[in-house]
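Tertiary structure, described
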Amino acid sequence: MDKKLLTIQDISCVGQCSLTVALPIISACGIETAILPGALLSNHTAAGYSGWTFNDLTDEMPKILERWNKENIKFDAFYTGYVTKTQIAHILQIMDKAAVPGALRIVDPAMADNGKLYAGFDDNFPQEMAKLCKGADYILPNLTEASFLLGIPYAGSDYDQAYIEKISRDLAKLGAKNVVITGVSFEKDKVGASVYHADTDTFEYYFNEKIDVAFHGTGDVFSSAFAGALMRGTSAIQAAKIAADFVVEAIKKTLDDKKDHWYGVKFEKAIPSLIKALN
Ligand code: PXL
């Protein structure tokens, strides 16, 4: 039987992030993707929009789990993104009770960027997110999220390889088997990801060209492509390469229109390159 993945994150109706990115990308990888929306927002909460609506769907989570249990619906993998504090206990239940044995847990601790927590998350949120990281097969923090999870100051661009390896080992101590840090850069024109395997205490790296424009939603694009590629049976470093190349391609497709298309990346235009990379 083909493997099924469940992704749990919000629906931002517009803004090209979370579920509106995860569902098409993972589906394009040829993986059956079920969704569990944790909240419905008019748009994302990052800079650019002046406000948003937020409808919390947390109460649906235990009801949906109960139904799935009655229907014997189980998933081979879980991929979580932007979620709220009260959802974490429910998500842990779902990953426990709606899983085939040995189901993969991929956790993107989507909560912060550029040294700051997203609007709407309080200072205690990283501690709660750490509970979701515990027991994950893969966690995919950016450098800001890594520092919030560890309760250390954000290093900005002032770090070296030894720092990345130290924080990766510390993040693994939260209880995650593999740590993929995104947005890692040791040279000014290169950016990529580090992959740390706690069982063998080994590191792998992948870098691509650094395009000096920040777009919202690239973390979600990366994590979705990573999850899809991993489900296709690629190694973690190969999945990180496929995901990083896909993000670069999506950014390139957006660059000539960045004034009007400021809210996310045109990942749709890069999907053919993703599919090619998987074959
Ligand atoms: O891309 C992460 C994300 C997801 N969902 C919502 C967000 C953000 C980032 O700001 O606001 C609602």
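In case you missed it, the structure is sitting above this.
Residues numbered from 1 in each chain as written. Predicted model: local features only at pLDDT ≥ 70, side-chain atom pairs only at ≥ 80, totals over all residues. Heavy atoms only, no water.

1. Topic: the site of the ligand
The environment of the ligand is made up of D10, S12, C17, S18, L41, H44, T45, A46, Y82, Y118, H216 and D220. At 2.8 Å from a nitrogen atom of the ligand is found a side-chain nitrogen or oxygen belonging to D10. One of the side-chain N or O atoms of T45 is found 2.7 Å from an oxygen atom in the ligand. When the ligand sits alone it has 320 Å² of accessible area, and the protein chains cover 99% of it. Per-class residue counts for the shell around the ligand are five nonpolar, five polar and two charged. (Near = heavy atom within 4 Å. Polar contact = N/O pair within 3.5 Å; in protein donor to acceptor, adjacent residues only side chain to side chain. Areas by Shrake-Rupley, 256 points an atom, 1.4 Å probe, with all protein chains shown as cover. Nonpolar A, V, L, I, M, F, W, Y, C, P; charged D, E, K, R; others polar.)

2. Let's talk about the packing of helix 8 (residues 236–255) against helix 9 (residues 271–278)
It is at 9 Å that the axes of helix 8 and helix 9 come closest, and there the two elements cross at 160 degrees. By the angle between their directions, the pair helix 8 and helix 9 is classed as roughly antiparallel. In this structure, helix 8 crosses over helix 9, and the sense of that crossing is right-handed. Residue-level inspection shows I242, F246 and E249 of helix 8 in contact with helix 9, the latter providing I271, S273, L274, A277 and L278. Considering only residue class, the contact of helix 8 with helix 9 consists of six nonpolar, one polar and one charged. (Axes fitted to C-alpha atoms, helices over the stretch in contact; angles between N-to-C directions. Helix = DSSP H or I, 4+ residues; strand = E, 2+ residues; numbered from the N terminus. Parallel < 35°, antiparallel > 145°, perpendicular 65-115°, else oblique. Left-handed = near helix turned anticlockwise from the far one by under 90°. Contact = heavy atoms within 4.5 Å.)

3. Here we look at helix 3 (residues 87–97)
Those residues of helix 3 not exposed but buried are Q87, I88, I91, I94 and M95. Buried residues of helix 3, viewed axially, fall in a sector of 120 degrees; they line one side. (Buried < 20%, exposed > 50% of the residue type's maximum accessible area, 1.4 Å probe, protein only. Arc of directions from axis to C-beta.)

4. Comments concerning the side chain of T33
Relative to the assigned elements, T33 resides in strand 2 (residues 32–43). Ignoring sequence-local partners within four residues, the contact set of T33 consists of L5, T7, L23, I26 and S27.

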